[in-house]
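These are the residues of each chain, in order.
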Amino acid sequence: MTRRIKFTLGAIAAVVLSTAAFASEVAPDAVEYGDEGVMTSLTGVAGDPAAGAETFKSRKLGNCLACHANPDMAGEQFHGDVGPSLEGVADRWEEPMLRAIVANSKQIFTDETIMPGFYSLEVGKHVRESLVGETILTAQQVEDVVAYLGTLKE
Amino acid sequence: MKRLLLAGVVLAASIAGSGPVWADPVEDTLEIDGMPIVTQTAAPEGHPFDEVYSGWLFRSAETRDLERDTFENPGMIAVEDGEAMWNTVMGSEGKSCASCHEDASVSMKGVGAHYPKWDADSGKPINVELQINKCLTEQMGAEPLPFNKNGQRELTAYIKHQSLGMPVELDLTEGDMQSWWDRGKDVYYTRTGQLNLACASCHETAMGKMIRADHLSQGQVNGFPTYRLKNGLTSLHQRFRGCIRDTRAEQPKAFSDDLMALETYVTWRGTGLSVETPSVRQ
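Residues numbered from 1 in each chain as written. Chains lettered and ligands numbered in written order. Predicted model: local features only at pLDDT ≥ 70, side-chain atom pairs only at ≥ 80, totals over all residues. Heavy atoms only, no water.

### Thoughts on the overall build of chain A
- A count of helical and extended segments in chain A gives five helices and zero strands.
- Along chain A, helices (α) and strands (β) appear in the sequence α-α-α-α-α when read from the amino end.
- Relative to its full complement of 154 residues, chain A shows a buried share of 42%.
- In chain A, of all internal contacts separated by at least 6 residues, the share reaching a separation of at least 24 is 52%.
- Carbon together with sulfur atoms contributes 57% to the accessible area of chain A, which is approximately 8600 Å² in total. (Helix = DSSP H or I, 4+ residues; strand = E, 2+ residues; numbered from the N terminus. Buried < 20%, exposed > 50% of the residue type's maximum accessible area, 1.4 Å probe, protein only. Contact = heavy atoms within 4.5 Å. Areas by Shrake-Rupley, 256 points an atom, 1.4 Å probe, with all protein chains shown as cover.)

Have a look at this one:
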């Protein structure tokens, strides 16, 4: 009995917490793309560059190295060259533009770009059933990657 | 606005200036047991590229060498298995493929270079795998071979190998081949999956680039079934399904109308390349 109550309370606390986290999160279709990019954080929580570097490398998450060389990760094998090298990318773009490029590069480049939109529901046909309505990265993962890109200065 | 930014990107790319390690197909020529193989040729009219390239030109020197010599080519074991099947009686009519077609090196020469073909009975294009099933069910009193099972890949490889070195050329004037080609073209340029990529994103726009450890080729089909060093003998529709899965999309069924249309269109994109079956790839 006591056990049960504890469990229930715990569950309620968890729900409250996650709602709180979601409350300030911008939904993928509510992200505002302006001339300077996306001005406000997607979560209100500062991005963590170290976590962003992991997301950037991971084949299951960003897999950014599939298409971009990144001399800052010289220790990693196999950098692609489908997109430009990201060496010194923070000297070329301010944070709002980096956020826009990662969240949905089609808003910034052209509709034809190969780069996937990592926080966008503008996706291709026949999306795998388990991924329908899901973005590639979470809002916080995007913020983390953007924080990491901000460290790439020459 | 978009234009301006794009110019910025291009500029940035050239400033970064880190030239790709292997931007283009290698310059190399292929002969298999003395037979010249066309791995590069002028594209047919209406093709997005000027030149078509075999996937062989995008592989490492070691992988290329494996294909040069039929004794070294690990795919040849499958071709031998296919030959044994050719001569095996299957089904209630007591017939083997050889009962009707005799010497495959004569009767099957050219088949691999000219399929898919129009099949008036089904009103659709038919490929070698489905033609095998048609013979099994209509002539031999046997069950059709399930996708990728019971020797389907091996027998297909044996049949296509009889056209080694012959240039790929489809007859699009037969039946409704042209409308299946049109449909295949749509499939080729349709972006799929959560990653929102089309065949053309990787094999046309990014051809010659590195996508992580893989050197992107034109995605040509002239070597199928192909021997992949990491997966063994791989059928064409298995490869199509794998590439589509990588866009994080649901995979269409093998031999579905979409994939038959795609096979028709992509085969045309390789017009003039030699049949290389069984090719060797990474």
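### Focus: the interface of chain A and chain B
- Residue-level contacts link 43 residues of chain A with 32 residues of chain B.
- Three residues stand out in chain A for area buried against chain B, namely Asp81(A), Ile114(A) and Arg128(A), and they jointly supply 19% of the buried area on that side.
- Viewed at the interface, chain B and chain A are joined by 17 residue pairs in polar contact (both at pLDDT 80 or more).
- Broken down by class, the residue content of the side of chain A that touches chain B amounts to 17 nonpolar, eleven polar and 15 charged. (Buried area = accessible area lost by both parts, 1.4 Å probe. Polar contact = N/O pair within 3.5 Å; in protein donor to acceptor, adjacent residues only side chain to side chain. Nonpolar A, V, L, I, M, F, W, Y, C, P; charged D, E, K, R; others polar.)

### Digging into the pattern of salt bridges
- Going through the model one piece at a time under the given rule, you end up with 15 salt bridges over all chains.
- Residue Glu95(A) is joined to Arg99(A) by a salt bridge in which the shortest nitrogen-to-oxygen separation is 2.8 Å. Here Arg99(A) and Glu95(A) lie together in helix H4 (residues 95-104), a separation of four residues that amounts to about one turn.
- Classification of Glu95(A) by relative accessible area gives partly exposed; the value is 45%.
- Residue classification places Arg99(A) among the buried residues on the basis of a relative accessible area of 2%.
- For Lys134(B), the salt bridge is made with Asp121(B), and the minimal N-O distance between the two is 2.8 Å. Taken together, the residues Lys134(B) in helix H7 (residues 128-138) and Asp121(B) in the loop between strand E5 (117-119) and strand E6 (124-126) connect sequence positions 13 residues apart.
- A relative accessible area of 17% places Lys134(B) in the buried class.
- One network of salt bridges, with partners in common, ties together Asp28(B), Arg64(B), Asp65(B) and Arg68(B). (Salt bridge = Lys/Arg side-chain N within 4 Å of Asp/Glu carboxyl O.)

### Looking at the sheet that holds strand E9 (residues 226-228) of chain B
Residues and elements named next belong to chain B.
- If you trace the three strands from one edge of the open sheet to the other, you get E10-E9-E11, paired in mixed fashion. The open sheet has two edge strands with one neighbour each: strand E10 (232-234) and strand E11 (280-281).
- With three bridges connecting them, E9 and E10 associate as antiparallel partners. Bridge assignment links Tyr227 to a residue of E10, and that residue is Leu233. (Pairing = 2+ DSSP bridges.)

### Re unusual backbone geometry
Residues and elements named next belong to chain B.
- Pro225 follows Phe224 through a cis peptide bond whose omega is -15°.
- Summarising the element assignment, Pro225 is placed in the loop between strand E8 (214-215) and E9.
- Even without being glycine, Arg212 reaches a positive phi, approximately 50°.
- Among the secondary structure elements, Arg212 is positioned in the loop between strand E7 (210-211) and E8.
- Here Arg212 falls in the buried class, since its relative accessible area comes to 6%.

### Quick notes on the nonpolar core
- By size, the foremost hydrophobic cluster in this structure holds 40 residues, and its most contacted members are Phe56(A) and Leu149(A).
- In this view, Phe56(A) contacts Gly62(A), Asn63(A), Cys64(A), Leu65(A), Asn70(A), Met73(A), Leu86(A), Val145(A), Tyr148(A) and Leu149(A); residues no more than four positions away in its chain are not counted.
- Within the second largest apolar cluster, 24 residues are counted, among which are Leu172(B), Val221(B), Ala261(B) and Leu262(B). (Core = buried A, V, L, I, M, F, W, Y, C linked by side-chain atoms within 4.5 Å.)

### Looking at the packing of aromatic side chains
- Using the criterion set out here, one finds nine aromatic pairs over all chains in the structure.
- Centroid distance Phe56(A) to Tyr148(A): 5.6 Å. Interplanar angle 65°. Geometry classified as edge-to-face. Here Phe56(A), found in helix H2 (residues 49-57), pairs with Tyr148(A), found in helix H5 (residues 139-149); they are 92 residues apart in sequence, far enough to count as distant.
- For Phe56(A), a relative accessible area of 1% gives the class buried.
- Ring geometry for Trp181(B) versus Trp268(B): centroids 5.0 Å apart, planes at 85°, classification edge-to-face. Here Trp181(B) is found in helix H9 (residues 177-189), whereas its partner Trp268(B) is found in helix H12 (residues 257-269), with 87 residues between them in sequence.
- By relative accessible area, which is 12% here, Trp181(B) ends up buried. (Phe/Tyr/Trp six-rings, centres within 6.5 Å; stacked < 30°, edge-to-face > 60°.)

### Examining the domain arrangement of chain B
Residues and elements named next belong to chain B.
- By domain assignment, chain B separates into domain 1 (2-73 + 166-281) and domain 2 (76-161).
- Taken over C-alpha atoms, the centre of domain 1 sits 25 Å from the centre of domain 2.
- Of the roughly 2500 Å² buried where domain 1 meets domain 2, counting both sides, 67% is carbon and sulfur surface.
- In terms of surface lost to domain 2, no three residues of domain 1 exceed Met166, Leu233 and Phe255, which account for 22% of the buried area on that side.
- Its salt-bridge partner being Lys124, residue Asp257 comes within 3.1 Å of it at the nearest N-O pair.
- In this structure, the connection of domain 1 to domain 2 is made through nine residue pairs in polar contact (both at pLDDT 80 or more).
- A per-class count over the side of domain 1 that touches domain 2 returns 14 nonpolar, ten polar and six charged. (Domains from an automatic or database assignment.)

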